[in-house]
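This is what each chain is made of:
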Amino acid sequence: MLSMVVQISVNSHDYWDGLVTRRAAAARQSFRMSKYKVFVMRHGEGAWTKENRFCSWVDQRLSEDGVKEALACGHLLKEAGYQLDVVFTSLLSRSIHTAWLLLEAMGQEWVPVVRTWRLNERHYGALIGLNRAEMALNHGEEQVKQWRRSYDLTPPPIDESHPYFLEIYNDRRYSTCDLSIEFLPKSESLKDVLERLQPYWDGTIVPEIKRGKLVLISGHGNSCRALLKHLEGISDADIVNVTLPTGTPILIELDENFRPTKPMQLLGDQKAIQAAIRKVEDQDQPGCQTPSIRNIKTMWEKGNIVGATECPKAMNKFSSSWSSTSTFLPAGLFCSVFCFILTVGQVLYGLKRSLHQRDAFNIFKKYIPVPFHSTPVSQ
């Protein structure tokens, strides 16, 4: 039997408890019946989600855990007897891949999958590629929380000097949009996400639901939060505390006027869902993800030297790994040599940054001055 949980964020019990009470009272008074059902879900864990980096419009695939989450979601819906008619996704691979795996697990691979940029993740602008936990150390947890989950705060925009600018805006997928590439966003608030998503919801998704089709939306953390804000009438202040776990289907039941008739339901094991929510919320905490040697190589190639050199846990990992496999070179000496090589490389890389335009450290300093303490940056 499915276990359902109403609260989306463990930090906002009072809000959700109050919402449940108000919704139950309204339902008793109006006797509104559910006419439509729709599933909304955040894609499975992505590779950069695991590394705790702002992924946004960079096209990253699912992590191994993300693949498992998508398959588990499909098995869950299949066991519950749901038959999907159409699935909507963003243009990003992690959203599309989640839909494919889910449909495969349900044995419904033939179901149409419709892709649109309007379901893309929120555009984080100049923050793309940066580590959330490291930013919390520099700017404070509350500032990073506002950048991530506030309603109307827009991060600094991305420009052509950003290491991922060309990767995003030269991508052929965006030539299929209903806007020219030059008019696509360079940075967004959650409010902006809702403004570009709502017309698609009203003009494309709602008509499918009205035809009696069971729709599933495989979106992203912020595109799903924006839609839930619209459907549930969540206030600008309360949306900050709404956290969605990855790979968890949310069932929403609507009346004939597309107003919810009961609290949204997160389907699955309650303990696992709450653990997944805490995992997402912990991403704002100061600390450091421990990147692998392969991840550090990727940071180096992208020019994001800050992520490779400022993480002491990474150095400790190299130290412990080397000391366990080598008996002739002290781990401390290895770390010193490794840091020296990175430093020299960073200097050399800086000399040719005008050619490559991929110096992430200068971009970080340019848009978000780092005071090296926790004072939030004024907006």
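Quick notes on the rules
- Residues numbered from 1 in each chain as written.
- Predicted model: local features only at pLDDT ≥ 70, side-chain atom pairs only at ≥ 80, totals over all residues.
- Heavy atoms only, no water.
- Buried < 20%, exposed > 50% of the residue type's maximum accessible area, 1.4 Å probe, protein only.
- Helix = DSSP H or I, 4+ residues; strand = E, 2+ residues; numbered from the N terminus.
- Pairing = 2+ DSSP bridges.
- Axes fitted to C-alpha atoms, helices over the stretch in contact; angles between N-to-C directions.
- Parallel < 35°, antiparallel > 145°, perpendicular 65-115°, else oblique.
- Left-handed = near helix turned anticlockwise from the far one by under 90°.
- Contact = heavy atoms within 4.5 Å.
- Right-handed = clockwise from strand over helix to strand, strands pointing away.

As for the pairing of strand β5 (residues 215-219)
Step number 1: A large share of β5 lies buried, amounting to five of its five residues.
Step number 2: Side chains Val-215, Ile-217 and Gly-219 project from β5 onto one buried face, and the interleaved Leu-216 and Ser-218 project onto a second face that is buried too.
Step number 3: Examined bridge by bridge, strand β2 (residues 36-42) and β5 share five bridges and lie parallel to one another. Paired with Arg-42 across the two strands is Gly-219, which belongs to β5.
Step number 4: Across four bridges, the pairing between strand β3 (residues 86-89) and β5 is parallel. Paired with Phe-88 across the two strands is Ile-217, which belongs to β5.

What about the packing of helix α3 (residues 64-79) against helix α4 (residues 93-106)?
Step number 1: With their axes 7 Å apart at the nearest point, α3 and α4 run at an angle of 40 degrees to one another. When the axes of α3 and α4 are compared, the pair comes out oblique. The way α3 lies across α4 gives a crossing that is right-handed. Residue-level inspection shows Val-67, Ala-70, Leu-71, Cys-73, Gly-74, His-75, Leu-77 and Lys-78 of α3 in contact with α4, the latter providing His-97, Thr-98, Leu-101, Leu-102, Ala-105 and Met-106.

Brief notes about the pairing of β3
Step number 1: Judged by which residues are buried, β3 turns out to be covered on both faces: Val-86 and Phe-88 on one side and Val-87 and Thr-89 on the other are all buried.
Step number 2: As defined by bridge partners, β3 adjoins strand β4 (residues 113-115) across three bridges and the pair is classed as parallel. Residue pairing in the sheet places Val-87 in a bridge with Val-113 of β4.
Step number 3: A crossover connection joins β3 to the parallel β4 through α4; in handedness this β-α-β unit is right-handed.

This is a description of form; function is not addressed.
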